Amino acid sequence: MAPKYKLSYFDMRARAEPTRMMFAAAGIDFEDDRIPFDKWPALKGTTPMGQLPVLDVDGVKLCQSMPIARFVAKETGMAGKTNLEQAQADAFVDEIIPILPKLYGVTFATDAAKKAELAAEFDKNMVGMLERCEKLCGSNGFLVGNSLLWCDLVLHTVGYNIENYKPGTLKSYPKLSKVMASVTANPKIAAWIAKRPDTKF
Ligand SMILES: N[C@@H](CCC(=O)N[C@@H](CS)C(=O)NCC(=O)O)C(=O)O
């Protein structure tokens, strides 16, 4: 029997979205459990490491967003066709994902001077990350190899936020733009994006 999946996270895309997209791409049913912030303090102690996301697989609770995503990538055939591709995909994920909490910090900073300071530092980090990924990215619409892998979904999730932050940024990175387009060209992912909750982050 197919495993039962419950993915618990806040009502955000962020660290859970690549996993949600993989479930959608593979046509796998999962419970998209979105925990309201005011319910979190009571639940924090029940999670394996005191943070979200948590993926419950038939009663086994997995934690840490990228290990969760890597597990689902293996379950759905999106981890990479060979060990080599898997290591290359991991490298992109490790390069891209640290941008996410930094952008969160800029987006939700309330003090104007602090926000400007964080934004200046963020912009430098973002450009460095995009340049490094553009240089290593394949030219046929995938970061690695010739099929959609979980690293492409991580890029799409972070790239989506970057475009919300500074529209038009990705135009300067043609290979990465092609990856963004490959992700949305997948009909099942496009259907998920069209129906997913519209959240700020
Ligand atoms: N390294 C962890 C970080 C998880 C993390 O920072 N989760 C945040 C939400 S994005 C959280 O649970 N915040 C609430 C808390 O720490 O109490 C991962 O990738 O899963």
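What counts, and at which threshold
- Residues numbered from 1 in each chain as written.
- Predicted model: local features only at pLDDT ≥ 70, side-chain atom pairs only at ≥ 80, totals over all residues.
- Heavy atoms only, no water.
- Domains from an automatic or database assignment.
- Contact = heavy atoms within 4.5 Å.
- Buried area = accessible area lost by both parts, 1.4 Å probe.
- Salt bridge = Lys/Arg side-chain N within 4 Å of Asp/Glu carboxyl O.
- Near = heavy atom within 4 Å.
- Polar contact = N/O pair within 3.5 Å; in protein donor to acceptor, adjacent residues only side chain to side chain.
- Areas by Shrake-Rupley, 256 points an atom, 1.4 Å probe, with all protein chains shown as cover.
- Nonpolar A, V, L, I, M, F, W, Y, C, P; charged D, E, K, R; others polar.
- Core = buried A, V, L, I, M, F, W, Y, C linked by side-chain atoms within 4.5 Å.
- Buried < 20%, exposed > 50% of the residue type's maximum accessible area, 1.4 Å probe, protein only.
- Helix = DSSP H or I, 4+ residues; strand = E, 2+ residues; numbered from the N terminus.
- UniProt positions renumbered as here; feature names shortened; annotations may be inferred.
- 1 Å grid on protein atoms, 1.4 Å probe; cavity = no way out; pocket = protein on both sides within 12 Å on 5 of 7 lines; lining within 4 Å.
- Points joined across faces, edges and corners; volume = space filled by probe spheres on them.

(A) Examining the domain arrangement of the protein more closely. Domain parsing of the protein yields domain 1 (5-77 + 189-195) and domain 2 (83-185). Relative to domain 2, the C-alpha centre of domain 1 lies at a distance of 20 Å. Every contact between the two is made by 15 residues of domain 1 and, on the other side, 17 residues of domain 2. The contact between domain 1 and domain 2 buries some 1,400 Å² in all, and 73% of this surface belongs to carbon and sulfur atoms. At the boundary of domain 1 and domain 2, one finds 1 salt bridge.

(B) A look at the site of the ligand. Around the ligand sit Tyr9, Phe10, Arg15, Trp40, Lys44, Gly50, Gln51, Leu52, Pro53, Gln64 and Ser65, and that is every residue in its neighbourhood. In this structure, an oxygen atom belonging to the ligand sits 3.1 Å away from a side-chain N or O atom of Gln51. Separating a nitrogen atom of the ligand from a side-chain N or O atom of Gln64 is a distance of 2.7 Å. Burial of the ligand by the protein chains amounts to 71% of its free accessible area of 510 Å². Considering only residue class, the shell around the ligand consists of 5 nonpolar, 4 polar and 2 charged.

(C) Representation of the nonpolar core in the model. Ile96, Leu143 and Trp150 are the most contacted members of the largest nonpolar core, which totals 64 residues. Per-element accounting of this core gives the leading share, 7 residues, to helix H7 (residues 150-165). Leaving out residues up to four positions away in the same chain, Trp150 has contacts with Met22, Met66, Ala69, Arg70, Ala73, Met78, Ala79, Ala89, Asp90 and Val93.

(D) Molecular detail of the UniProt feature "domain: GST N-terminal" (unreviewed entry) in the protein. Per the UniProt entry, the sites bearing "domain: GST N-terminal" (unreviewed entry) are residues 3-80 in this numbering. Annotated as 35% helix and 22% strand, the span residues 3-80 places its first and last C-alpha atoms 22 Å apart.

(E) Structural context of the layout of surface pockets. A volume near 380 Å³ is recorded for the largest pocket. Counting only elements with at least two residues in the lining of the largest pocket, the list comes to helix H2 (40-44) and helix H5 (99-108). In terms of residue count, the dominant contributor to the lining of the largest pocket is H5 (3 residues). For the lining of the largest pocket, the per-class residue count stands at 13 nonpolar, 4 polar and 2 charged. Taken domain by domain, the makeup of the lining of the largest pocket includes at least three residues from each of domain 1 (5-77 + 189-195) and domain 2 (83-185).

(F) Structural context of the UniProt feature "domain: GST C-terminal" (unreviewed entry) in the protein. The sites that UniProt annotates as "domain: GST C-terminal" (unreviewed entry) are residues 82-201. The distance separating the terminal C-alpha atoms of residues 82-201 is 33 Å; by composition the span is 72% helix and 0% strand.

(G) How the structure looks around the pattern of salt bridges. Under the counting rule described, the total for this entry stands at 10 salt bridges. For the salt bridge of Glu17 with Arg20, the shortest nitrogen-to-oxygen distance reads 2.8 Å. You can see Glu17 and its partner Arg20 sitting in helix H1 (residues 17-26), 3 residues apart, about one turn around the helix. Neither Glu17 nor Arg20 differs from the other in exposure class; each is buried. Notably, a salt bridge pairs Glu95 with Arg132, separated by 2.7 Å at the nearest N-O pair. Highlighted residues: Glu95 in helix H4 (residues 83-96) and Arg132 in helix H6 (residues 112-136), separated in sequence by 37 residues. With a relative accessible area of 44%, Arg132 lands in the partly exposed category. Overlapping salt bridges, with partners in common, bring together Asp11, Glu17, Arg20, Asp32, Arg34 and Arg196 in one network.

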